[in-house]
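Here's the letter readout for the chains.
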Amino acid sequence: MQNPPPPSETPPPGPSIPWATPLPSGAPMPTGGWGMPSFASGSQTRYGAERIRSSISLYRVLVIIQVIGAVLGAVVSIATRSAYLGGVGGIGPGSSGSSTFTGGAAIAAVAALAALGAVLVIVLLILTIIAWVRWRDGIRRIASESGAMGASQFHHAQAAKKNYSYTVWTFLLYIVAIVIALVILVAAIFAAVGGSLHLNNTTGQFTNSPTNVTTSLGTTLVYYLAGVALLGSVFNFLLYYFASTSLREAIAGVATPEALARLNAGRQYILCGVVLGFGSVLSLLISYAALIGAVGTIFLLLGFTALLDGYDKYLAAPPAGGLAPPG
């Protein structure tokens, strides 16, 4: 009977495969199991589109709030001819007798509506920041994979990324302009109050009447609001121009013709809305011009609804070169 080999000897090689041996080359099979990544081509593009779609959906809520505010503001402006957001109704030079308020009541109405507007602006700013974070994430994912999605999509994705950057820089400049405008307003108010003082030759003292102060401040507010409204309209147009371009370009190279048509329609609606926003500056002189701004916000709502529909159509289509979305 043969004895077994001593422990120091190496056993003969067997059919087992060492752990470090690489697996045979070949594309991995895509799977949709729990925790398993998807290997379908364009997965980052589709996920980025989902993030942008979520951003548009949230921002549309913001636009709905703007529509409600603009419609109510137009009603207030027409009924009271007092200031609301973009204008001061019938108060101003050359509008003698057009206001239903006295000077003090008009200024009080301006202050109350300005406070309400400030609260609304804070809410809108928070929603905007959340929407923009999702938008940024989607743009980055789409741009990171654009090189593998063909020359057309690469061009469109890079344009989307560039226009997103333009939007952010325009927004930052807008904030700086607002701060400067506030400083100018404070200086203008002090100048108006100082300019309404009159020297009493008898007593040698400066006197001032409430009527003089009210008239001076009213004129100052009209010119100030006119300048701010015009400046705001310019920045608003630039913001929506760059943003709508970025939202369209993000998937323009991979979208179906139906989806692309909705994206183009959405951008056109948005630009029409912001152009109408310039007309709201006329509400400084004509109260009914506030309706122009309200119509402009409705066009914005139509635009973002069309963009949302375009992204829905793209996401509903089977991904190119990959698996169809689960039913």
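Residues numbered from 1 in each chain as written. Predicted model: local features only at pLDDT ≥ 70, side-chain atom pairs only at ≥ 80, totals over all residues. Heavy atoms only, no water.

Brief notes about the overall build of the protein
Part 1: A tally of helices and strands in the protein yields six helices and two strands.
Part 2: Starting at the N terminus, the α and β elements of the protein follow one another as α-α-α-β-β-α-α-α.
Part 3: Considering only contacts in the protein between residues 6 or more positions apart, those separated by 24 or more positions represent 76%.
Part 4: Summed over its atoms, the accessible surface of the protein is roughly 18,800 Å², and 70% of this surface lies on carbon and sulfur atoms. (Helix = DSSP H or I, 4+ residues; strand = E, 2+ residues; numbered from the N terminus. Contact = heavy atoms within 4.5 Å. Areas by Shrake-Rupley, 256 points an atom, 1.4 Å probe, with all protein chains shown as cover.)

A look at the side chain of Ser 146
Part 1: Along the polypeptide, Ser 146 turns up in the loop between helix H2 (103-145) and helix H3 (151-195).
Part 2: If we ignore the near neighbours within four places in the chain, the residues touching Ser 146 are Gln 153, Phe 154, Ala 157 and Gln 158.

A closer look at the packing of aromatic side chains
Part 1: Enumeration according to the criterion identifies eleven aromatic pairs in this entry.
Part 2: Seen in terms of ring centroids, Trp 132 and Phe 171 are 5.1 Å apart; in terms of plane orientation they differ by 65 degrees. Their pairing is edge-to-face. Taken together, the residues Trp 132 in helix H2 and Phe 171 in helix H3 connect sequence positions 39 residues apart.
Part 3: With a relative accessible area of 22%, Phe 171 lands in the partly exposed category. (Phe/Tyr/Trp six-rings, centres within 6.5 Å; stacked < 30°, edge-to-face > 60°. Buried < 20%, exposed > 50% of the residue type's maximum accessible area, 1.4 Å probe, protein only.)

Some words on helix H5 (residues 257-279)
Every α-helix carries 3.6 residues per turn, so stepping three or four residues along brings you back to the same face.
Part 1: End to end, H5 covers 34 Å across 23 residues, agreeing with the expected 33 Å (1.5 Å per residue, within 8%).
Part 2: All of the buried residues along H5 are Ala 259, Leu 263, Gly 266, Arg 267, Ile 270, Leu 271, Gly 273, Val 274, Gly 277 and Gly 279. (Expected span 1.5 Å × (residues − 1).)

Observations regarding the pattern of salt bridges
Part 1: For the coordinates displayed, the defined rule picks out five salt bridges.
Part 2: We note a salt bridge from Arg 248 to Glu 249, for which the minimum N-O separation is 2.9 Å. Take Arg 248 and Glu 249: they sit in the same class, and that class is buried.
Part 3: Among the charged side chains, a network of salt bridges with common partners joins Arg 51, Asp 137 and Arg 141. (Salt bridge = Lys/Arg side-chain N within 4 Å of Asp/Glu carboxyl O.)

Digging into a nonpolar patch on the surface
Part 1: Taken together, Trp 169, Leu 172, Ile 175, Val 179 and Val 183 make up a surface patch of nonpolar side chains, about 500 Å² in accessible area.
Part 2: Tracing the backbone through its elements, the reader meets Val 179 in helix H3.
Part 3: We classify Val 179 as partly exposed; its relative accessible area is 48%. (Patch = residues over 30% accessible without salt bridge, like charges linked within 9 Å, V, L, I, M, F, W, Y side chains within 5 Å.)

Looking at the environment of Leu 291
Part 1: Structurally, Leu 291 is set in helix H6 (residues 290-316).
Part 2: Judged by relative accessible area, Leu 291 falls into the partly exposed class, the value being 42%.
Part 3: On a C-alpha basis, the gap between Leu 291 and Ser 77 in space is 9.2 Å, while along the polypeptide they are 214 residues apart.
Part 4: Discounting chain neighbours no more than four positions away, the residues touching Leu 291 are Ala 74 and Ile 78.

So, the nonpolar core
Part 1: Membership of the largest hydrophobic core comes to 37 residues, with the highest contact counts inside it found for Ile 52, Ile 56, Trp 135, Ala 250, Ile 251, Phe 304 and Tyr 311.
Part 2: Secondary structure elements with two or more residues in this core: helix H1 (43-80), H2, H3, helix H4 (210-249), H5 and H6.
Part 3: Not counting residues up to four positions away in its chain, the partners in contact with Tyr 311 are Ala 49, Ile 52, Arg 53, Ile 56, Leu 247, Ala 250, Ile 251 and Leu 263.
Part 4: If you look at the next biggest cluster of nonpolar residues, it comprises seven residues, including Ala 181, Leu 185, Leu 225 and Leu 284. (Core = buried A, V, L, I, M, F, W, Y, C linked by side-chain atoms within 4.5 Å.)

A few points about the packing of H1 against H6
Part 1: Where H1 meets H6, the axes come as close as 8 Å, and the angle between the chain directions of the two elements is 165 degrees. Here H1 lies roughly antiparallel to H6, going by the angle between them. Relative to H6, the crossing made by H1 is left-handed. (Axes fitted to C-alpha atoms, helices over the stretch in contact; angles between N-to-C directions. Parallel < 35°, antiparallel > 145°, perpendicular 65-115°, else oblique. Left-handed = near helix turned anticlockwise from the far one by under 90°.)

Details of the confidence of the model for the protein
Part 1: When pLDDT is averaged across the protein, the result is 75; 65% of the residues are at 70 or more.
Part 2: In the model, residues 85-103 has pLDDT below 50 throughout and makes 47 contacts with residues more than four positions away in sequence or in other chains.
Part 3: The low-confidence segment residues 321-327 (pLDDT under 50) makes twelve contacts with residues lying over four places distant or belonging to another chain. (pLDDT = per-residue confidence, 0-100.)

Focus on the environment of Arg 141
Part 1: Residue placement: Arg 141 occurs in helix H2.
Part 2: As for Arg 141 and Gly 48, which are separated by 93 residues in sequence, their C-alpha atoms are 5.3 Å apart.
Part 3: Those residues in contact with Arg 141 that sit more than four places away from it in its chain are Gln 44, Tyr 47 and Gly 48.
Part 4: Here the side chain of Arg 141 touches Gln 44 through a polar contact of 3.1 Å, side chain to side chain. (Polar contact = N/O pair within 3.5 Å; in protein donor to acceptor, adjacent residues only side chain to side chain.)

Notes on the side chain of Thr 167
Part 1: The topology assignment puts Thr 167 in helix H3.
Part 2: Within the structure, the side chain of Thr 167 is placed 3.3 Å from the backbone nitrogen of Ala 243, a separation counted as a polar contact.
Part 3: If near-sequence neighbours (up to four positions away) are discounted, Thr 167 is found in contact with Trp 132, Trp 135, Leu 239, Phe 242 and Ala 243.

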